[in-house]
Amino acid sequence: MARRFDEYCPVANALSIVGERWALLIVRELLRGPRRYTDLTAGLPGIGTKVLATRLRELEDGGVVQRRKLPPPAASTVYELTEYGHGLEEVIHAIARWGARSLGLPKCKDDLDPEWGLNAFRALLYPERARGLTETHVVRIDDDAFTVRLVDGRLKVDVGAVAEPDLEIATDMATFFELASGDLPPREALEARRLRIEGDPEALERFFRVFSFAPRIEPAADEARFARA
């Protein structure tokens, strides 16, 4: 386990388990499913093999990661999240939404993993706003296409486009970012021809209410101002 803090605090305890550099990025990779050591190395550019081995050992000690031997013919060892480790998915998505606001747009196509949308739409999902919805969307962002399905509020994302979705959206990364952040209303983007749709404009507005950078709770500063009013 990583270094501990000298206080009784759940945040401090969490950081003693996943607070070291690379730890949460390893968790991010394992949220996609079990990975071999070589898969993790490929998915984490710049990590040294000794550092990866150390972090995996620390995450195992913390009950976040476990090893499993695949049956023949694969017969290789994979790393996967424990049930406790899967509890970090919500944490990773919250950090992703927060970090995206200051990250800026990718400088070139090579900066993006071809499957970047698989994690992005999960992070953007606002579960309370999706409750009860069953819709299929095809989202084309520059040269990438993703099928984003909601089934009674549950999300499934795939690379590529299905035929005859309820709504199809085509736009560029800059416009998508502005829409998801709430800086650009969907109707304005449509009127300015910054995106194209096939489907109901109301479905477009609903999509960006459900997939959003919006905070899931009111900021503490707002609560303090309300209390003083």
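Nothing here was measured: the structure is a model prediction, and the numbers come from that model. (Residues numbered from 1 in each chain as written. Predicted model: local features only at pLDDT ≥ 70, side-chain atom pairs only at ≥ 80, totals over all residues. Heavy atoms only, no water.)

### Some points on the packing of aromatic side chains
Move 1: Counted by the stated rule, this structure contains nine aromatic pairs.
Move 2: Taking 5.2 Å as the distance between ring centres and 55 degrees as the angle between the ring planes, the aromatic pair formed by Phe177 and Phe213 counts as tilted. Of this pair, Phe177 sits in helix H9 (residues 173-181) while Phe213 sits in the loop between helix H11 (201-210) and helix H12 (220-228), and the two are 36 residues apart along the sequence.
Move 3: Owing to a relative accessible area of 11%, Phe213 belongs among the buried residues under this scheme.
Move 4: With centroids separated by 5.0 Å and ring planes inclined at 80 degrees, the aromatic side chains of Phe207 and Phe208 adopt a geometry described as edge-to-face. (Phe/Tyr/Trp six-rings, centres within 6.5 Å; stacked < 30°, edge-to-face > 60°. Helix = DSSP H or I, 4+ residues; strand = E, 2+ residues; numbered from the N terminus. Buried < 20%, exposed > 50% of the residue type's maximum accessible area, 1.4 Å probe, protein only.)

### Details of the pairing of strand S6 (residues 167-171)
Move 1: Taking burial as the measure, the five residues of S6 include five buried ones, the bulk of the element.
Move 2: Burial along S6 is two-sided: the face carrying Leu167, Ile169 and Thr171 and the face carrying Glu168 and Ala170 are both buried.
Move 3: Summarising the sheet, strand S3 (residues 135-141) and S6 pair through five bridges and their orientation is parallel. Looking across to S6, one finds that Arg140 is bridged to Ala170.
Move 4: As defined by bridge partners, S6 adjoins strand S7 (residues 195-198) across four bridges and the pair is classed as antiparallel. When the bridges of S7 are listed, Glu168 appears paired with Glu198. (Pairing = 2+ DSSP bridges.)

### Observations concerning the layout of surface pockets
Regions of empty space are outlined by a rolling probe, equal in size to a water molecule, passed over the atoms.
Move 1: Each pocket or cavity is described by its volume, and for the largest pocket that value is around 1300 Å³.
Move 2: Lining the largest pocket are 33 residues, and of these Arg28, Ala96, Leu103, Leu112 and Trp116 lie nearest its centre.
Move 3: Considered class by class, the residues forming the lining of the largest pocket number 21 nonpolar, five polar and seven charged.
Move 4: One number sums up the size of the second largest pocket: a volume of about 570 Å³.
Move 5: Put simply, the parts of the chain that give the lining of the second largest pocket at least two residues each are helix H6 (89-103) and strand S5 (154-159).
Move 6: With seven residues, the top contributor of residues to the lining of the second largest pocket is H6.
Move 7: The residue makeup of the lining of the second largest pocket, split by class, is nine nonpolar, two polar and eight charged. (1 Å grid on protein atoms, 1.4 Å probe; cavity = no way out; pocket = protein on both sides within 12 Å on 5 of 7 lines; lining within 4 Å. Points joined across faces, edges and corners; volume = space filled by probe spheres on them. Nonpolar A, V, L, I, M, F, W, Y, C, P; charged D, E, K, R; others polar.)

### Describing the pattern of salt bridges
Move 1: Using the criterion set out here, one finds 14 salt bridges in the structure.
Move 2: Arg28 is paired through a salt bridge with Glu29; the nearest N and O atoms lie 2.8 Å apart.
Move 3: Overall, Arg28 belongs to the partly exposed group, its relative accessible area being 29%.
Move 4: A salt bridge links Arg67 to Glu60; its shortest N-O distance comes to 3.2 Å. (Salt bridge = Lys/Arg side-chain N within 4 Å of Asp/Glu carboxyl O.)

### Side note on a nonpolar patch on the surface
Move 1: A cluster of nonpolar side chains, namely Phe5, Val11 and Leu15, defines an oily patch on the protein surface of about 280 Å² accessible area.
Move 2: Along the chain, Leu15 falls in helix H1 (residues 10-18).
Move 3: Take Leu15: its relative accessible area is 43%, and that puts it in the partly exposed class. (Patch = residues over 30% accessible without salt bridge, like charges linked within 9 Å, V, L, I, M, F, W, Y side chains within 5 Å. Areas by Shrake-Rupley, 256 points an atom, 1.4 Å probe, with all protein chains shown as cover.)

### Considering the packing of H6 against helix H7 (residues 116-124)
Move 1: Remark: H6 packs on H7, axes separated minimally by 9 Å, with the N-to-C direction vectors making an angle of 90 degrees. Classed by the angle they form, the pair H6 and H7 counts as roughly perpendicular. From H6, Glu89, His93, Ala96 and Arg97 reach across to H7, where they touch Asn119, Arg122 and Ala123.
Move 2: Class assignment of the residues belonging to the contact of H6 with H7 gives a composition of two nonpolar, two polar and three charged. (Axes fitted to C-alpha atoms, helices over the stretch in contact; angles between N-to-C directions. Parallel < 35°, antiparallel > 145°, perpendicular 65-115°, else oblique. Contact = heavy atoms within 4.5 Å.)

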